[in-house]
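Each chain, written out:
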Amino acid sequence: DVDKREYDNAVRYRDGAVKLRNPNLYLLDQDILYHLALGSGSHDLVEMFGDVKFVCMGGTPKRMEQFAYYIMQEIGHKLPCGTTLLDISQYSYRYSMFKVGPVLSISHGMGIPSVGILLHEVIKLMYHAKVRDPMFIRIGTCGGVGYEGGTVVITEEAVDGMLKPYHETPILGKIVRRPAKMDKQLTKDLIALAHPEDPYDTIVGKTMCTSDFYEGQGRLDGAFCDFSEQDKLDYLTKLQKAGVVNIEMESTAFAALTHHAGISAAIVCVTLLDRLKGDQVMAPKEVLDEWQMRPQKLVSRFITQYLQRK
Ligand code: R2B
Ligand code: URA
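Everything in this summary refers to the structure shown in the same document. (Residues numbered from 1 in each chain as written. Chains lettered and ligands numbered in written order. Predicted model: local features only at pLDDT ≥ 70, side-chain atom pairs only at ≥ 80, totals over all residues. Heavy atoms only, no water.)

### Comments concerning the nonpolar core
Membership of the largest hydrophobic core comes to 44 residues, with the highest contact counts inside it found for L125, M126 and F136. When contributions to this core are tallied by element, the ones reaching two or more residues are α1 (45–49), β3 (54–58), β5 (103–107), α3 (112–128), β6 (135–144), α6 (251–260) and β12 (264–274). If you tally residues by element for this core, the top one is α3, at nine residues. Filtering out sequence-adjacent residues up to four positions away, M126 remains in contact with V18, V52, V55, L104, V131, P134 and F136. F54, M135, I137 and L298 belong to the second-largest nonpolar core, a separate cluster that totals 27 residues. (Core = buried A, V, L, I, M, F, W, Y, C linked by side-chain atoms within 4.5 Å. Buried < 20%, exposed > 50% of the residue type's maximum accessible area, 1.4 Å probe, protein only. Helix = DSSP H or I, 4+ residues; strand = E, 2+ residues; numbered from the N terminus. Contact = heavy atoms within 4.5 Å.)

### Structural notes on a nonpolar patch on the surface
A cluster of nonpolar residues, F213, Y214 and V281, forms a patch on the protein surface that exposes about 240 Å² of accessible area. Counting through the fold element by element, F213 comes out in the loop between β10 (202–209) and α5 (229–241). Residue classification places F213 among the partly exposed residues on the basis of a relative accessible area of 31%. (Patch = residues over 30% accessible without salt bridge, like charges linked within 9 Å, V, L, I, M, F, W, Y side chains within 5 Å. Areas by Shrake-Rupley, 256 points an atom, 1.4 Å probe, with all protein chains shown as cover. Salt bridge = Lys/Arg side-chain N within 4 Å of Asp/Glu carboxyl O.)

### Things to note about the site of ligand 2
Surrounding ligand 2, one finds T141, C142, G143, F213, Q217, R219, I247, E248, M249, L273 and R275. Q217 is positioned with one of its side-chain polar atoms (N or O) 2.8 Å from a nitrogen atom of ligand 2. Note that an oxygen atom of ligand 2 is positioned 2.6 Å from one of the side-chain N or O atoms of R219. In the complex, the protein chains occlude 94% of the 240 Å² of accessible area that ligand 2 would expose alone. Broken down by secondary-structure element, the contributors of at least two residues to the shell around ligand 2 are β6 and β11 (244–248). When residues of the shell around ligand 2 are assigned to their parent elements, the largest contribution, three residues, is made by β6. For the shell around ligand 2, a count of residues per class yields five nonpolar, three polar and three charged. (Near = heavy atom within 4 Å. Polar contact = N/O pair within 3.5 Å; in protein donor to acceptor, adjacent residues only side chain to side chain. Nonpolar A, V, L, I, M, F, W, Y, C, P; charged D, E, K, R; others polar.)

### Examining the pairing of strand β7 (residues 152–159)
Where burial is concerned, most of β7 is hidden: six out of the eight residues are buried. Bridge analysis of β7 against β10 gives seven bridges, and the strand direction is parallel. The residue of β10 that forms the bridge with T155 is G205. For β7 and β12, the ladder comprises three bridges, and the chain directions are antiparallel. (Pairing = 2+ DSSP bridges.)

### Considerations on the side chain of H167
Note that H167 resides in strand β8 (residues 166–171). Setting aside chain neighbours within four positions, we find H167 in contact with I112, V176, R177, R178, A180, T252, A253, A256 and L257.

### Considerations on the environment of K206
Checked against the element boundaries, K206 lands in strand β10. Residues K206 and I154, 52 residues apart in the sequence, show an inter-C-alpha distance of 8.5 Å. With near-sequence residues (within four places) excluded, K206 lies in contact with E156, E157, V159, A242, G243, V244, V245 and N246. In terms of polar contacts, K206 uses its side chain to reach the backbone carbonyl oxygen of A242, at 3.2 Å.

### A short note on the site of ligand 1
Close to ligand 1 lie M110, R138, T141, F213, E248, M249 and E250, which account for all nearby residues. Contact between ligand 1 and R138: an oxygen atom at 3.4 Å from a side-chain N or O atom of the residue. Note that an oxygen atom of ligand 1 is positioned 2.5 Å from one of the side-chain N or O atoms of E250. Out of a free accessible area of 270 Å², ligand 1 has 81% covered by protein chains. Grouping the constituent residues of the shell around ligand 1 by class yields three nonpolar, one polar and three charged.

### Description of the side chain of T210
Tracing the sequence through the fold places T210 in the loop between β10 and α5. Of note is the side chain of T210, whose polar atom sits 2.7 Å from the backbone oxygen of D212. Within polar-contact distance, the side chain of T210 engages the side chain of Q217 at 3.1 Å. Once you skip the residues sitting within four places of it in the chain, T210 turns out to touch G216, Q217, I247, E248 and M249.

Here it is as C-alpha cells:
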C-alpha cells in the first residue's frame, strides 16, 4: 500500500489526510506497528481505522477502557448484541486500544518515552488508515500547583523541568528541540464546554512536564531527597509565578510530537492533590475515581457536540 502521492515536507495532504514527514516510510512494503500489535501488511488499516476522528489517550488501560464504554453511551454507539469491546492491541502487552465509532481510546503508560513511542505508531496509523484531520486529546491526572484535588486543568502550553516550552530529545548524539505547542482553537473549544454548574473548577494554564514523579516533581517522599522542604516550596512558588498550574509527565512530548505532525491536540487533566499542601496522593479510591471522570466528561461534551453538528 505504498502511497503514490509524492513526498514533500508539508504535513498534510490537501484532503486533510495525515502525511508523514519521513520519506523512508514510503519505501517500505509493509510497516509493522510493533507496540500496537498492528501492521500495514497484516491488517486492513483503512477498513479498521479509516473513520477515526478523535484519538483519546490516557495513562492506564483500565481508565481508557472505561472511557471507551463511557463515550459509547454518550454518543449512542451500539455494539452487536452480547459482545464487549475488544482491546485491539492486547497482544502487544504494552498498550491497550479500544475503538468506539470515530473514537479511539488508547493507554499511553507513564512518562515521555512511553507516550513518545505510542505517538510515533499512532501517527503512522493515522497515515496508513488515511484518517483526515484527526484530533488527539490526552485525558490525564496531575498534581495541582495552588489548586485543590479535583480541579480540571486544560493545558495552554507545556514546559519542561527547566520551564522551557520545548520537548528536547537526543537524536544521533545531538539534542533536537521541538516546540511543545497545543492547538489554541481546540483548547478554547474545550474550555468553553466547562459548565458553570460543574461542582469543581476548570482552568487553563501552563503544564510542567517532568521525567520523574518524586525528585523530579520536588517531592519530599521519594526513596531519596537531597533538598529541604523550603527548597521545594521556593521552587513550586517559582513555578506558580511563571504561570504553571499543574505538573505531570507526558505533556511536552505529547504537545511537540503532535505539533510536529501537524495534528491538533489538547491536554485535559484532573489534579489529584495540591502540591503546595503535600506530596502523597491520599484521596480515597472512590474520590479519585470520581475525579478522573471529570476530564472524560469535558472531552465527551466536546465529542458529542462535534458529532451532532456534523
Ligand atoms: C500523571 O500521573 C502519572 C504519574 O502518577 C503520570 O503518567 C502522569 O503524567
Ligand atoms: N501525576 C503526576 O505526575 N504528579 C502528581 O502529583 C499526580 C499525578
